[in-house]
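# Breakdown of the fold
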Amino acid sequence: MVNRKTYDSLDIVRWISALLVIIIHTNPFYKNEVLGFYITNVLAHIAVPLFFAISGFLFFRKITFQNGKIVRSSQNFTYLFRYVKHLIILYLGASVFYLLYKIPTWYSIGWWGLHALKDYIVSFFLSGSEYHLWYILASIYGIILFYILLSFIQFDMMKYFCVAGWVIECLQYSYSWIGIENIGVLNWLTSRFPVCFDAAFRAIPLMGVGVLCAVRP
């Protein structure tokens, strides 16, 4: 099973997840408040976790492990490099498309000059050149960080960090009413490095599910 190059069931799940992402951003059931809420804000939100988990599985199933850690080999590093390069190309291409679309709008409202350039550069690396592109940027940071961590920490130990990270993610967003948002360090991290936070506490824990399936088929 591990040596298979394609997984038809995962392809189906990814197509369905892509449709759910479209539903999240378009809310086609807005005329029915109850139906729209449960489909758009509940059901459709399984899409991103599934994408992260599938990405983790498809990437790490091709990585060689030994004693629960990633083998530090040129073959593993080369695969990481190619995977990240592919994501970077996608991110750059999408960023250029959105930038060409937004420049006339910025100019018309007077958002122009060095301050606008500085703001865009910061956003490009820390929050996403466009809001919808945060996923690709978080995937780039997440896969690199996870690869490095698994090179030094056994997955049996790393999975506990994944669980802890996901708890923090849920407390920060879904259960913010508990009061964790009042913790200064987390506020500072999420306000200044939002995608880095997403990579560490959202992407890695969900990719960990994929890693678990890859190393424990």
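Higher on the page you've got the structure.
Residues numbered from 1 in each chain as written. Predicted model: local features only at pLDDT ≥ 70, side-chain atom pairs only at ≥ 80, totals over all residues. Heavy atoms only, no water.

### Here we look at the overall build of the chain
Within the chain one finds 9 helices and 2 strands. Along the chain, from the amino end to the carboxyl end, the secondary structure elements read α-α-α-β-β-α-α-α-α-α-α. For a compact globule of 217 residues, the expected C-alpha radius of gyration is about 17 Å, and the chain comes in at 19 Å, within 12% of that figure. When the 217 residues of the chain are sorted by exposure, 35% land in the buried category. Within the chain, contacts between residues at least 6 apart in sequence are counted, and of these 73% link residues at least 24 apart. Surface exposure of the chain reaches about 13500 Å², of which carbon and sulfur atoms provide 68%. (Helix = DSSP H or I, 4+ residues; strand = E, 2+ residues; numbered from the N terminus. Rg over C-alpha atoms; globule rule 2.2 N^0.38 Å. Buried < 20%, exposed > 50% of the residue type's maximum accessible area, 1.4 Å probe, protein only. Contact = heavy atoms within 4.5 Å. Areas by Shrake-Rupley, 256 points an atom, 1.4 Å probe, with all protein chains shown as cover.)

### What to know about the side chain of serine 123
Note that serine 123 resides in helix H5 (residues 114–126). Exposure remark for serine 123: the relative accessible area of 18% places this residue in the buried category.

### Description of the nonpolar core
Counting 32 residues, the largest nonpolar core has Phe52, Phe59, Phe60, Tyr91, Ile143, Phe146 and Leu150 as its most contacted members. Residues in contact with phenylalanine 146, not counting those within four places in the same chain, are Phe60, Phe155, Met158, Cys162, Ile204, Met207, Gly208 and Val211. (Core = buried A, V, L, I, M, F, W, Y, C linked by side-chain atoms within 4.5 Å.)

### A short note on the packing of aromatic side chains
Across all of its chains, the model carries 17 aromatic pairs by this definition. With a centroid separation of 5.4 Å and 70 degrees between ring planes, the pair formed by phenylalanine 60 and phenylalanine 146 is classed as edge-to-face. With phenylalanine 60 in helix H3 (residues 47–60) and phenylalanine 146 in helix H6 (residues 134–152), this residue pair connects regions lying 86 residues apart in the sequence. Relative accessible area serves as the criterion here: at 1%, phenylalanine 60 is assigned to the buried category. In this structure, arginine 72 packs its charged tip against the face of phenylalanine 152, placed 4.2 Å from the ring centre. (Phe/Tyr/Trp six-rings, centres within 6.5 Å; stacked < 30°, edge-to-face > 60°. Lys NZ or Arg CZ within 6 Å of the ring centre and 35° of its normal.)

### Describing unusual backbone geometry
With phi around 50 degrees, asparagine 27 is a residue other than glycine that occupies positive phi space. As for its position among the elements, asparagine 27 is in the loop between helix H1 (8–26) and helix H2 (33–42). One non-glycine residue, asparagine 67, lies in positive phi territory at about 55 degrees. By the secondary structure assignment, asparagine 67 is in the loop between strand S1 (65–66) and strand S2 (69–70). On the basis of relative accessibility, which here comes to 64%, the residue asparagine 67 falls in the exposed class.

### Some points on the state of the cysteines
Overall, the coordinates contain 0 disulfides when judged by the stated rule. Cysteine cysteine 162 remains unbridged, with the sulfur of cysteine 213 as its closest cysteine sulfur at 12 Å. Overall, cysteine 162 belongs to the buried group, its relative accessible area being 8%. Note on cysteine 196: no disulfide assigned, nearest cysteine sulfur contributed by cysteine 162 at a separation of 17 Å. (Disulfide = S-S within 2.5 Å.)

### Digging into the environment of valine 209
Along the chain, valine 209 turns up in helix H9 (residues 194–215). Owing to a relative accessible area of 45%, valine 209 belongs among the partly exposed residues under this scheme. Considered as a pair, valine 209 and phenylalanine 52 are 157 residues apart in the sequence and their alpha carbons are 8.7 Å apart.

### Thoughts on H9
Look at H9: 30 Å from first C-alpha to last across 22 residues, which is about the 32 Å you get at 1.5 Å a residue. At alanine 203, H9 shows its largest kink, close to 35 degrees, and the proline proline 205 lies no more than four residues downstream. (Expected span 1.5 Å × (residues − 1). Bend = angle between axes of the 7 residues up to and from the residue.)

### Side note on H2
Every buried residue of H2 is accounted for by Gly36, Ile39 and Thr40. Looking straight down H2, one finds that the buried residues subtend no more than 85 degrees of arc, so they occupy a single side. Exposed residues pointing more than 90 degrees away from the buried face of H2 are listed as Val34 and Tyr38. Against H1 lie the buried residues of H2. (Arc of directions from axis to C-beta.)

### Thoughts on the environment of glycine 165
By secondary structure assignment, the location of glycine 165 is in helix H7 (residues 155–172). Overall, the relative accessible area of 5% leaves glycine 165 in the buried class. Counting along the chain gives 149 residues from glycine 165 to isoleucine 16, while the straight-line C-alpha distance between them is 27 Å. Once you skip the residues sitting within four places of it in the chain, glycine 165 turns out to touch Phe201 and Pro205.

Structural measurements only, silent on function.
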